[in-house]
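# A structural walkthrough
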Amino acid sequence: MKQILVTGGAGFIGSHLCERLLNEGNAVICLDNFYSGSKKNVWHLIGHPGFELVRHDVTEPYRAEIDEIYNLACPASPVFYQYDPIQTTKTSVFGTFNMLGLAKRTKAKILQASTSEVYGDPAEHPQHEDYWGNVNPIGIRSCYDEGKRCAESLCFDYHRIHGVDVKVIRIFNTYGPRMAVNDGRVVSNFVVQALKGEDITIYGDGSQTRSFQFVSDLVEGMIRMMATPVGFTGPVNLGNPGEFTMIELAEKVLSKVGGKSKIVFRPLPADDPKMRRPDITLAKKELGWEPKVSLDEGLDEVIAYFRQVLFQ
Ligand code: NAD
Ligand code: UDP
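How each quantity is defined
- Residues numbered from 1 in each chain as written.
- Chains lettered and ligands numbered in written order.
- Predicted model: local features only at pLDDT ≥ 70, side-chain atom pairs only at ≥ 80, totals over all residues.
- Heavy atoms only, no water.
- Near = heavy atom within 4 Å.
- Polar contact = N/O pair within 3.5 Å; in protein donor to acceptor, adjacent residues only side chain to side chain.
- Areas by Shrake-Rupley, 256 points an atom, 1.4 Å probe, with all protein chains shown as cover.
- Nonpolar A, V, L, I, M, F, W, Y, C, P; charged D, E, K, R; others polar.
- Helix = DSSP H or I, 4+ residues; strand = E, 2+ residues; numbered from the N terminus.
- Buried < 20%, exposed > 50% of the residue type's maximum accessible area, 1.4 Å probe, protein only.
- Contact = heavy atoms within 4.5 Å.
- Salt bridge = Lys/Arg side-chain N within 4 Å of Asp/Glu carboxyl O.
- Axes fitted to C-alpha atoms, helices over the stretch in contact; angles between N-to-C directions.
- Left-handed = near helix turned anticlockwise from the far one by under 90°.
- Pairing = 2+ DSSP bridges.

### Concerning the site of ligand 1
The environment of ligand 1 is formed by 30 residues, the closest being D32, S36, L72, Y144 and T174. Here an oxygen atom of ligand 1 sits 2.9 Å away from a polar atom, N or O, in the main chain of Y35. Here T91 contributes a side-chain N or O atom positioned 3.0 Å from a nitrogen atom of ligand 1. Alone, ligand 1 offers 820 Å² of accessible surface; in the complex the protein occludes 97% of this.

Structure (structure tokens):
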């Protein structure tokens, strides 16, 4: 039985990952300070003999004997990460630093949840892992983008200097059940707005694109990445290459939910990337991985989930 630490384990992605790791017979320490996650996300796991929930802030060192670390702690929604941007940078940088120190001491493998945001507002499309990105270092998204870039840099230095077995993944927009109703990201916003009969808020003219990955596909990719041989570090893109404008997404959600919501346009936030689509050639080759859940199937699940959360 492996002892696995999941930081940010009470968050949206972390809770699905904890569940999957427990189902595979591992012991899981779920570490979270509940900044953007919630005990509710892992309530159903409490009482499982392999599960331990620890309230802890990753900006402080943590000690445990473990075999693997999935470092997910960090708010991911722009609304949450911009609410306390200094804490966001501290979480990414000091948190990753602390987890790398733990990995070094215990000789654990560590998977770092990096992001497509390291590519910024990309000048190359689709984004391949070799692209160095186009990030505003002083804008409102910098706390997240530069925090995650610095975290990657730390991972590679710990690998080069101390031989730590790091695995870096760059996650593209991921959605699914257990996103918070007030998360603020586009899929949950549109679905919640449509279900409540409220206006669907498109920021800007809605021509910007994103590629949406369902959470179960991501979790599969994370587990495959952790299982790669020592020395395979990535970074590896994990995302669904289907690309949609925000108008297309709004129309899809509206046609599925029905109701009387109208589309309204709101100002585009600063530095909002104009397009995003992963090149997943490397993940296919090294992990034998590609996403299986289409946006249509995933949206149906998310709509059913939020219907239950909002109305039952
Ligand atoms: P989330 O906000 O639901 O989960 C993040 C979790 O980290 C929360 O439970 C939060 O309380 C916890 N956390 C935040 N700061 C912490 C701290 N200082 N100490 C301990 N715990 C802390 O977001 P998510 O969508 O589940 O994202 C998980 C990870 O995946 C993040 O690192 C994020 O950057 C990365 N990621 C997510 C996406 C996506 O589309 N969901 C895309 C790219 C990268
Ligand atoms: N967006 C939108 N309406 C919303 C929330 C977001 O039009 O209610 C847009 C946002 O401006 C961005 C895209 O949807 O262009 C994806 O936003 P999200 O916050 O989900 O993720 P990110 O910008 O980090 O990719």
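### Here's the deal with the site of ligand 2
Looking at ligand 2, there are 17 residues lining it, with N189, T201, R210, D272 and R276 nearest. A distance of 2.8 Å separates an oxygen atom of ligand 2 from a polar atom in the backbone of Y203. Here the residues of the shell around ligand 2 are counted per class, giving 6 nonpolar, 5 polar and 6 charged.

### A short note on the side chain of T96
As for its position among the elements, T96 is in helix α3 (residues 85-106). The buried category is assigned to T96, whose relative accessible area is 2%. Here the side chain of T96 touches S92 through a polar contact of 2.5 Å, landing on its backbone oxygen. T96 has contacts with N71, T91, Q112, A151 and C155, leaving out every residue within four places of it along the chain.

### Brief notes about the side chain of T7
Tracing the backbone shows T7 in strand β1 (residues 3-7). Residue T7 is classed as buried on the basis of its relative accessible area, which comes to 0%. Polar side-chain contacts of T7 include one of 3.0 Å to the backbone nitrogen of A73. When residues no more than four places from it in sequence are discounted, the contact partners of T7 are L31, V58, Y70, N71, L72, A73 and M99.

### Focus: unusual backbone geometry
Here H125 and P126 are connected by a cis peptide whose omega angle stands at -5°. The residue P126 is located in the loop between β5 (109-115) and α4 (142-162) in this model. Note the cis peptide between G234 and P235, where omega equals 5°. Its identity as a non-glycine residue notwithstanding, F34 has a phi of 60°, on the positive side. Residue position: F34 is located in the loop between β2 (27-32) and β3 (51-55). Using a relative accessible area of 16% as the deciding quantity, one classes F34 as buried. Positive phi, normally seen in glycine, also occurs at K107, with a value near 60°. As for its position among the elements, K107 is in the loop between α3 and β5. Looking at K107, the relative accessible area reads 74%, which means it is exposed.

### Re the pattern of salt bridges
Summed over the entire model, instances satisfying the criterion amount to 24 salt bridges. Of the charged contacts in the structure, one is a salt bridge between K252 and D296, with a shortest N-O distance of 3.1 Å. On the criterion of sequence distance, the pair formed by K252 in helix α7 (residues 246-257) and D296 in helix α9 (residues 295-311) is long-range, its members being 44 residues apart. Close ionic contact of K256 with D296 constitutes a salt bridge, the shortest N to O distance being 3.1 Å. Highlighted residues: K256 in helix α7 and D296 in helix α9, separated in sequence by 40 residues. A residue is classified by how much of its surface remains accessible, and K256, at 27% relative accessible area, is partly exposed. The class for D296 is partly exposed, based on a relative accessible area of 34%. Three or more residues joined by partner-sharing salt bridges are found here, namely E117, R141, R210, D272 and R276.

### Re the environment of L72
Position of L72 relative to the elements: it lies in the loop between β4 (68-71) and α2 (78-83). Relative accessible area serves as the criterion here: at 11%, L72 is assigned to the buried category. It is 5.3 Å that separates the C-alpha atoms of L72 and A113, two residues lying 41 residues apart in sequence. Not counting residues up to four positions away in its chain, the partners in contact with L72 are T7, G8, I13, G14, L17, A113 and M222.

### Remarks on the packing of helix α5 (residues 186-196) against α7
At their nearest, the axes of α5 and α7 sit 10 Å apart, and the two run at 35° to each other. For the crossing formed where α5 meets α7, the hand is right-handed. Residue-level contacts link V186, V187, F190, V191, A194 and L195 of α5 to M246, L249, A250, V253 and V257 of α7. Across the contact of α5 with α7, the residue classes tally to 11 nonpolar, no polar and no charged.

### Looking at the sheet that holds β3
Strand order in the open sheet made by the 7 strands is β3-β2-β1-β4-β5-β6-β11, with parallel pairing throughout. The two strands at the open ends of the sheet, each matched to only one other strand, are β3 and β11 (236-238). The mean angle between the axes of side-by-side strands here comes to 20°, regardless of whether they run parallel or antiparallel. Pairing analysis gives 4 bridges linking β4 to β5, with the strands arranged parallel. The partner of I69 across the bridge, within β5, is I110. Strands in contact with helix α1 (residues 12-23) are β1, β2, β3 and β4; relative to β1, the strand with the most contacts, it is inclined by about 170°. The sheet contacts of helix α6 (residues 215-226) involve β4, β5, β6 (166-171) and β11, and relative to β6 the element is tilted by about 160°.

Read these as geometric descriptors, not functional statements.
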